[in-house]
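Here's the letter readout for the chains.
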Amino acid sequence: MGDASREIMRQARKQVPEWTTAQTNEALTRQRKEGQDEIVLVDVREKNEWDEGYIPGAIHVPKGYLELRIEEAVPDKSKPVVLYCAGGVRSMYAGLTLKQMGYENVISMAGGFGEWKNRGLPYVQPRTLNQAQLKRYSRHLLVPEVGEQGQLKLLDSSVLLVGAGGLGAPAALYLAAAGVGTIGIIDLDVVEESNLQRQVIHTTQRVGEYKAESARQAIEALNPDVKVVTYLDRLDETNVGRIIADYDVIIDGTDNFPTRYLLNDAALLANKPVIHGSVFRFEGQLTVFKPYEGPCYRCLYPEPPPPELAPNCAEAGVLGVLPGVIGLLQSVEALKLLLGIGEPLVGRMMTYDALAGEFSELSLYRDPNCPACGEHGHPEDLPIYADVCAMPAARIAAHA
Ligand SMILES: [Zn+2]
């Protein structure tokens, strides 16, 4: 340090008081015990230094970005702010800057993180992305709402796709690309030629293979970070609880109401959010059923329609791109829930009319008398409905 720097430091110390590492530790420990968050601890080092370890509870605002980011990170300028760097010099300069910006109670930790570590005080080493992941997810890292910690959260999270069809196929591809670490796919169907008009995860070559296996191949080719779990099965009352238990979020890509009721009741019991979507011709809709925070499927439809109004089992027509739109909106909702950002579509039904080129929204409300999630609801005791379309005779009739 030159004479001029020494002089600046001497002046700075008059304005920015210092705490020793022991004093800082004591204040932070007391604050933690009392369950308060009065003191804000700010690490002003560079990212590579932070990655080597930081003091628990610290927020990271590198000195070079201090003026740009500190007001967002610490909006209340009357709060005590304790700054630290590696050795106690940069944090002192940072303290001067905060003083100029109007922060009233700024403290610099003498000795910095180096001394903190040498004294054996507690620190955490953050998990970080590897070099390949830094490249792959760079466009996520540039978004403050995601960032490296958000990406790590996605890699740690899991989504179950019920069905690898029109809605599940696009959702699976984008969730895999986004780096959702575990994707479960339950589907017993095989790929048919008529699926390829919209189920973009499958290929002409894989016609005749199980959809779940075909989807696995596509996902593994796209992103080796993703673990794919396949269930060559249909959801029923014997397996639904066990299967959904392993997932953070469920995307409902089914096209039959018995599965929707089954999934709804099991998801309420397991407290798992279900992202519901459906399509017909040029119209699609989606909403998020978040247990006990918004309505559930039975709040909207307490019982299935009578048989005479139930859809016949023949496949309904749909514009090929439409399930792509809705499936992708479902995956957007999944990412929002996993990251804990934005306003999920809870209690809101979004509808899309492709011909009109219009999105609209409907408010949905919880029914206090809902047989599943209402005050006296019992999701475990509700009837299981048979899928008439899954019965061999009905299938044959429908395809005849
Ligand atoms: Zn309900």
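Residues numbered from 1 in each chain as written. Predicted model: local features only at pLDDT ≥ 70, side-chain atom pairs only at ≥ 80, totals over all residues. Heavy atoms only, no water.

### Side note on the overall build of the protein
Along its length, the protein carries 16 helices and 13 strands. Since a compact globule built from 400 residues should have a radius of gyration of about 21 Å, the 27 Å found for the protein marks it as more spread out than a globular shape. Projected onto the principal axes, the alpha-carbon positions of the protein cover approximately 95 × 50 × 45 Å. The proportion of buried residues among the 400 residues of the protein is 46%. Within the structure as shown, the protein displays about 20,300 Å² of accessible surface, and the carbon and sulfur contribution to it stands at 52%. Considering the protein, the positive charge centre built from 38 side chains and the negative charge centre built from 52 side chains are found 9 Å apart. (Helix = DSSP H or I, 4+ residues; strand = E, 2+ residues; numbered from the N terminus. Rg over C-alpha atoms; globule rule 2.2 N^0.38 Å. Buried < 20%, exposed > 50% of the residue type's maximum accessible area, 1.4 Å probe, protein only. Areas by Shrake-Rupley, 256 points an atom, 1.4 Å probe, with all protein chains shown as cover. Lys, Arg positive; Asp, Glu negative; His and termini not counted. Charge placed at Lys NZ, Arg CZ, Asp CG, Glu CD.)

### Regarding the pairing of strand β12 (residues 348-353)
Examined bridge by bridge, strand β11 (residues 283-289) and β12 share four bridges and lie antiparallel to one another. Note on β12: the bridge partner recorded for Q285 is T351. Where β12 and strand β13 (residues 358-363) come together, six bridges link them in antiparallel fashion. Residue pairing in the sheet places Y352 in a bridge with F359 of β13. Taken together, β12 and the strand that follows it, β13, pair antiparallel across an intervening segment of four residues, in which G357 is found at a positive phi of about 70 degrees. (Pairing = 2+ DSSP bridges.)

### A few points about a nonpolar patch on the surface
On the surface, a cluster of nonpolar side chains totalling about 300 Å² of accessible area is made up of L188, V190, Y210 and L232. With respect to the secondary-structure elements, L232 resides in the loop between β8 (227-231) and α12 (240-244). Classification of L232 as partly exposed rests on a relative accessible area of 38%. (Patch = residues over 30% accessible without salt bridge, like charges linked within 9 Å, V, L, I, M, F, W, Y side chains within 5 Å. Salt bridge = Lys/Arg side-chain N within 4 Å of Asp/Glu carboxyl O.)

### Examining the sheet that holds strand β1 (residues 18-19)
Taken together, the five strands give an open sheet; going across it, the order is β1-β5-β4-β2-β3, and neighbouring strands pair in parallel fashion. Looking at which strands have only one partner, the edges of the open sheet turn out to be β1 and β3 (59-60). With two bridges joining them, strand β2 (residues 40-43) and β3 adopt parallel strand pairing. Opposite D43, over in β3, you have H60 as the bridge partner.

### A look at the side chain of S331
Counting through the fold element by element, S331 comes out in helix α15 (residues 322-339). Engagement of the side chain of S331 in a polar contact is seen with the backbone oxygen of L328, the distance being 2.8 Å. Apart from the residues within four sequence positions on either side, S331 is in contact with A171, Y174, L175 and I251. (Polar contact = N/O pair within 3.5 Å; in protein donor to acceptor, adjacent residues only side chain to side chain. Contact = heavy atoms within 4.5 Å.)

### Observations regarding helix α11 (residues 211-222)
With 12 residues, α11 should reach 16 Å at 1.5 Å per residue; the first-to-last C-alpha distance of 16 Å fits that figure. Listed in full, the buried residues belonging to α11 are K211, A212, S214, A215, A218 and I219. The buried residues of α11 all sit within an arc of 160 degrees when viewed along its axis, so they share a single face. Contact partners of the buried residues in α11: α10 (168-178), β7 (182-186) and β8. (Expected span 1.5 Å × (residues − 1). Arc of directions from axis to C-beta.)

### Describing the nonpolar core
Nonpolar side chains in soluble globular proteins tend to end up buried together. Counting residues in each nonpolar core, the largest one holds 39 residues, and the members touching the most others are V159, L161, L175, I183, I185, I219 and I251. Put simply, the parts of the chain that give this core at least two residues each are β6 (158-162), α10, β7, α11, β9 (249-252), β11, α15 and β12. When residues of this core are assigned to their parent elements, the largest contribution, seven residues, is made by α15. Counting residues in hydrophobic clusters, the runner-up holds 20 residues, among them A12, V16, C85 and M101. (Core = buried A, V, L, I, M, F, W, Y, C linked by side-chain atoms within 4.5 Å.)

### A closer look at the environment of M109
By secondary structure assignment, the location of M109 is in strand β5 (residues 106-109). The class for M109 is buried, based on a relative accessible area of 0%. Ignoring any residue separated from it by four or fewer positions in sequence, one finds M109 in contact with W19, T20, T21, T24, I55, V82, L83, Y84, G88, S91 and W116.

### Comments concerning unusual backbone geometry
In this structure, N271 takes a positive phi of about 55 degrees despite not being glycine. By secondary structure assignment, the location of N271 is in the loop between α13 (257-270) and β10 (274-280). One non-glycine residue, R281, lies in the positive phi region at around 55 degrees. Turning to its location among the elements, R281 is positioned in the loop between β10 and β11. For R281, a relative accessible area of 48% translates into the label partly exposed.

### Observations regarding the coordination of the zinc ion
Within the protein, C296 (SG), C299 (SG), C370 (SG) and C373 (SG) serve as the donor atoms for the zinc ion, at 2.2 to 2.3 Å. Classification of the site at the zinc ion rests on its four donor atoms, whose angles at the metal span 93 to 123 degrees, yielding the label tetrahedral. Written as a sequence motif, the donor arrangement for the zinc ion is C-x2-C-x70-C-x2-C. (Donors = N, O, S within 2.8 Å, 3.2 Å for Na, K, Ca; no water. Tetrahedral: all angles 85-135°; square planar, octahedral: opposite > 155°, others 65-115°.)

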